[in-house]
Every structure is written in structure tokens, then in C-alpha cells.
Amino acid sequence: MTSTPTGQPTPVLEARGLVKLFGRVVGLSGVDLKLYPGEVLAVIGDNGAGKSTLIKCLSGAMIPDGGTILVDGQPVTFKTTKDARAVGIETVYQTLAVAPALDIASNMFLAREIRRKGPLGQWLRMLDSAEMKRQAGAEIKKLGISTLQNINQAVETLSGGQRQAVAVARAGAFGGKVVILDEPTAALGVRETGQVLKLVKDLRDQGLGIILISHNMPNVFEVADRIHIQRLGGSLGVIDPKTNSMDDAVSYMTGARKMDPDKNLAKAAN
């Protein structure tokens, strides 16, 4: 892990003073955020806090009106989600964006299909299905996803948790630096939620930086290393789940209590 001149680790993804306006409506008002390699940073906030706008700016789905985004300390400009993916940032939205009629391997390589070598791939644009299945199987095995046994199985036959696992595995396979997860356990049962949270921890243990957007406080406190709190389009600060309770987090994000930055600030992990 690289470090800044002050000895602090360099964030893998950083936002400085992000601003996003929708006419007279302020979506983001100078938001700062730092994500380090090998950590889960939860982003919480009430409705209208700017969580969705923030992740859309960080993932290239939306262009901020002001501020700076940095990857590994270097300023970047995202005009599309393709730009963000090119530097290793993958996003899994709540809608998943999977193709139900296609099998697991095809979904893993959606929009990244591998073509056959030689004229068949170059001129006839034929896909190398065998190679995609091999790589997809290897990635799923690497992540330890035991719920996906048959790589040829159509996604429409999978449970909600299994579909979420496919989407997260795809992000983990291609997100070289950062994976952003938008409400990954919404509408899942207890068992499937546990499987997805385990997958989040596994991705973190592989050194990826994870941004987790969630309303589920027990899930947040189970996996998060730090918690970034949004309120009314701005960032209140970051708290440590080890020294703050769920009641603290909810009180801060709803405005029932004011944060003491010196007391609640969560330091970057070494």
C-alpha cells in the first residue's frame, strides 16, 4: 500500500468537494470521501441525503458539477461508467443488471465477451463460450461461492441471493481496485443475506476497496470498517463502528444528535 508524505496510506478512491446540482436542488454540497484498499466503507444516510448521487458520480454514471475525484492519488474525470471501469471501479446497483435468460458465465462476461481467436472471432465475431465458462468458474471458485454450482445454469432459475452473488462476483472479477455495492442485501432472506455479506468480506480480504450503501444497520455494523454519514447532500463525517453504536449512527444521520468530529472520526486502517 502506497503512502502520502505524512505517512498515511493513499486512498484508492477519493472525492474532494464534490458538488452536483439539479437546477435549484442541491444533490451534493462539497462532499469529501476517502476509501482505502482492503476496507469496507459503508455510506449511510436518510432519504435525500445524496447517497445515490454520490455513488453515481464516483462510478461515472453522473458527472459532478464541481470537485475532484482521485484514483490512487491521481485526479481522474469520468464521463461514462466505461471510464470508471477502465480504472478498476465496478458498481453493482440494486437492480443488478443481469440478463435472466443467459447463463451464469454469459452474465459474468456481459459486455466483456471473449471472442474466439483468429478469423472466427475477428471477422465473424464468434464468442469463445468455453473460455468464458472456464474463467467464470475459476472466479467463482476463487471467491468461494458455494451456492453457484452449475456455470451453465440460467440466471432466471436462480434465487435472489444467487443472482446477487453473480452480480457481485462479476464486479469482483473485473473491479481491479474498487467495488461499489448499492443495497446488496435488499429483499433477501436471512440465509442469502449472510452469503452476500460473506462475499463482501472475501472481496475486502483480497485487497479491494468496497463502498457499501445500505439502510440495514446490522449489516453495516457487521462488515464495515468505517462508516461515512451523509445528510442533506453533505458529508457529516466518518465514524468507527467499533466505538460507535447503531443508535449513534442513526442519531447522526437523522440530525437528532450532532457529531463531534474529534471524538467520532474514524482513522484510516494501517
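Residues numbered from 1 in each chain as written. Predicted model: local features only at pLDDT ≥ 70, side-chain atom pairs only at ≥ 80, totals over all residues. Heavy atoms only, no water.

Per an unreviewed UniProt entry, the protein carries the name ATP-binding cassette domain-containing protein and comes from Jatrophihabitans telluris.

### As for the pattern of salt bridges
According to the stated counting rule, one finds 11 salt bridges in the structure shown. Measuring nitrogen to oxygen at the nearest pair gives 2.2 Å for the salt bridge that ties E90 to R112. Taken together, the residues span a long stretch of sequence, with E90 in strand β6 (residues 89-92) and R112 in the loop between α3 (104-108) and α4 (119-122) at a distance of 22 residues. Take E90: its relative accessible area is 7%, and that puts it in the buried class. By relative accessible area, R112 is classed as partly exposed at 24%. A salt bridge links K201 to E222; the nearest nitrogen and oxygen atoms lie 3.3 Å apart. You can see K201 sitting in helix α7 (residues 190-205) and its partner E222 sitting in helix α8 (residues 217-223), a full 21 residues away along the chain. E222 gets classed as partly exposed once you look at its relative accessible area, which sits at 46%. Taken together, the shared-partner salt bridges in this structure form one network comprising R204, D205 and D225. (Salt bridge = Lys/Arg side-chain N within 4 Å of Asp/Glu carboxyl O. Helix = DSSP H or I, 4+ residues; strand = E, 2+ residues; numbered from the N terminus. Buried < 20%, exposed > 50% of the residue type's maximum accessible area, 1.4 Å probe, protein only.)

### Things to note about a nonpolar patch on the surface
Together, L120, W123, L124 and M126 make up an exposed nonpolar region whose accessible area comes to about 440 Å². Inspection of the secondary structure assignment puts L120 in helix α4. (Patch = residues over 30% accessible without salt bridge, like charges linked within 9 Å, V, L, I, M, F, W, Y side chains within 5 Å. Areas by Shrake-Rupley, 256 points an atom, 1.4 Å probe, with all protein chains shown as cover.)

### A word on the environment of L203
With respect to the helices and strands, L203 occurs in helix α7. By relative accessible area, L203 is classed as buried at 0%. Taking C-alpha positions, L203 is 9.6 Å from V178, a pair spaced 25 residues apart along the chain. If we skip the residues at most four places from it in the chain, L203 touches L143, V168, G172, L208 and I210. (Contact = heavy atoms within 4.5 Å.)

### Notes on the layout of surface pockets
Computed from the structure, the second largest pocket encloses a volume of approximately 360 Å³. Taken together, 18 residues line the second largest pocket, and the ones lying closest to its centre are R85, E90, T91, A97 and R170. Within the residue set of the lining of the second largest pocket, elements represented by two or more residues are α2 (81-86), β6 and α6 (160-174). With 4 residues, the top contributor of residues to the lining of the second largest pocket is β6. For the lining of the second largest pocket, the per-class residue count stands at 10 nonpolar, 4 polar and 4 charged. (1 Å grid on protein atoms, 1.4 Å probe; cavity = no way out; pocket = protein on both sides within 12 Å on 5 of 7 lines; lining within 4 Å. Points joined across faces, edges and corners; volume = space filled by probe spheres on them. Nonpolar A, V, L, I, M, F, W, Y, C, P; charged D, E, K, R; others polar.)

### Structural notes on unusual backbone geometry
Among all residues except glycine, the phi angle is most often negative; among peptide bonds, the trans geometry is most common. The phi torsion at A111 lies on the positive side, around 70 degrees, for a residue other than glycine. Of note, A111 is situated in the loop between α3 and α4. The exposed category is assigned to A111, whose relative accessible area is 69%. Backbone geometry at E183 places phi at a positive 50 degrees, although glycine is not the residue there. Locating E183 in the fold gives a position in the loop between β7 (178-182) and α7. With relative accessibility at 11%, the residue E183 sits in the buried group.

### Overview of the nonpolar core
Grouped together as the largest cluster of nonpolar side chains are 32 residues, with contacts concentrated most on I104, M108, I140, I145, L148, L181 and I210. Listing elements by their share of this core, those giving two or more residues are α3, α5 (129-142), α6, β7, α7 and β8 (209-213). The element contributing the most residues to this core is α6, with 6 residues. Apart from the residues lying within four places of it in its own chain, the contact partners of L148 are I104, I140, L158, Q162, A165 and V166. (Core = buried A, V, L, I, M, F, W, Y, C linked by side-chain atoms within 4.5 Å.)

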